[in-house]
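Survey of secondary and tertiary structure
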Amino acid sequence: MNHRDRTDAEDVAAFLAAVDGATPLRKFDRVSIEPPRPSPRPRQRELDEAAVIGEMLHAPLGIDDWLDLGGADSFLRNGLPRTLLRDLRRGRWSIQDHVDLHGMNRHEAHAQVALFIAEALAAGKRCLRIVHGRGHGSPGREAILRQWVKVWLGRCQEVLAFCHAPPNDGGDGALWVLLKAGGKIRP
């Protein structure tokens with residue numbers, strides 16, 4: 001018998017002496033259930049939405065975009081009843097979310113608006129407020145974001161209508177936006 005065998009025998013004897021008189025735990029008739037697996041991520045939809053946001057950011061603006069929307073106080077998608085815009089102006093839709101673009105440059109604001117609309121559509125929100133400001137902090141005190149936001153919204157097919165907010169909700173420095181129900185971002 002070598003040294004290692006003696007040590008193992010001594011360890012076993014010490015362990016048995018330590019647990020002498022202990023009562024073993026009874027075995028329960030239990031089934032081990034794994035927690036539910038997480039639902040799969042819709043990766044292709046996420047990639048598609050990211051591509052649309054990228055396209056909205058970098059697509060060139062045509063002269064028609066500037067002429068059609070730049071100075072417009074309101075917008076209504078073709079084929080929709082004028083009552084939709086009237087109801088939006090009168091506040092018959094409750095604002096479900098808002099974003100403030102103060103302090104952002106044109107590129108940051110565009111990214112924020114695209115992301116904001118994508119998140120609102122994913123959450124099923126229909127009526128939004130976008131605060132773009134009146135341009136008091138801009139060079140020349142021009143409301144550049146006001147015009148850009150109108151152009152961006154007019155190009156987004158999920159936007160049904162928009163109008164300036166009433167004075168108590170931002171006036172010329174904010175827009176109320178109405179989105180399609182159950183809309184998904186389309187290029």
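Calculation criteria
- Residues numbered from 1 in each chain as written.
- Predicted model: local features only at pLDDT ≥ 70, side-chain atom pairs only at ≥ 80, totals over all residues.
- Heavy atoms only, no water.
- Pairing = 2+ DSSP bridges.
- Helix = DSSP H or I, 4+ residues; strand = E, 2+ residues; numbered from the N terminus.
- Axes fitted to C-alpha atoms, helices over the stretch in contact; angles between N-to-C directions.
- Parallel < 35°, antiparallel > 145°, perpendicular 65-115°, else oblique.
- Left-handed = near helix turned anticlockwise from the far one by under 90°.
- Contact = heavy atoms within 4.5 Å.
- Nonpolar A, V, L, I, M, F, W, Y, C, P; charged D, E, K, R; others polar.
- pLDDT = per-residue confidence, 0-100.
- Salt bridge = Lys/Arg side-chain N within 4 Å of Asp/Glu carboxyl O.
- Buried < 20%, exposed > 50% of the residue type's maximum accessible area, 1.4 Å probe, protein only.
- Arc of directions from axis to C-beta.

Concerning the sheet that holds strand β1 (residues 74–76)
Here we have five strands laid out as an open sheet, ordered β1-β4-β5-β3-β2, and mixed in their pairing. The sheet terminates laterally at β1 and β2 (97–100), the two strands that pair on one side only. Each adjacent strand pair in this sheet contributes to an overall mean axis angle of 20 degrees, direction not counted. The sheet contact formed by β2 and strand β3 (residues 127–131) spans four bridges and is parallel.

Structural notes on the packing of helix α5 (residues 106–123) against helix α6 (residues 144–155)
Each pair of packed helices gets described by two things: the angle between the helix axes and the distance between those axes. Taken N-terminus to C-terminus, the directions of α5 and α6 make an angle of 40 degrees; their axes are 11 Å apart at the nearest point. Compared by their axis directions, α5 and α6 come out oblique. Seen from above, α5 lies across α6 with right-handed handedness. Across the interface between the two elements, R106, A109, H110, V113 and I117 from α5 touch L145, W148, V149, W152 and L153 from α6. In terms of residue class, the contact of α5 with α6 is made up of eight nonpolar, one polar and one charged.

What about the confidence of the model for the protein?
Per-chain confidence: the protein averages 79 in pLDDT, with 78% of residues scoring 70 or above. Note that pLDDT drops below 50 for residues 65–70; the model gives that stretch 13 contacts with residues more than four away or on any other chain.

Overview of the pattern of salt bridges
Within this structure, the stated rule accounts for four salt bridges. Its salt-bridge partner being D87, residue R86 comes within 3.9 Å of it at the nearest N-O pair. Taking relative accessible area as the criterion, R86 reaches 36% and is therefore assigned partly exposed. Among the ionic pairs, R129 bridges to D169, the shortest N-O distance being 2.6 Å. Of this pair, R129 sits in strand β3 while D169 is found in the loop between β4 (159–164) and β5 (174–179), placing the two residues 40 residues apart along the sequence. Three or more residues joined by partner-sharing salt bridges are found here, namely R86, D87 and R92.

Remarks on helix α4 (residues 82–89)
Since there are 3.6 residues in each turn of an α-helix, residues three or four apart along the chain are aligned in direction. Every buried residue belonging to α4 is among L84, L85 and L88, and all of these are buried. Axial view of α4: buried residues confined to an arc of 95 degrees, hence all on one face. Buried residues along α4 sit against β1, β3, β4 and β5. Following α4 by one or two positions, G91 adopts a phi angle in the positive range, close to 80 degrees.

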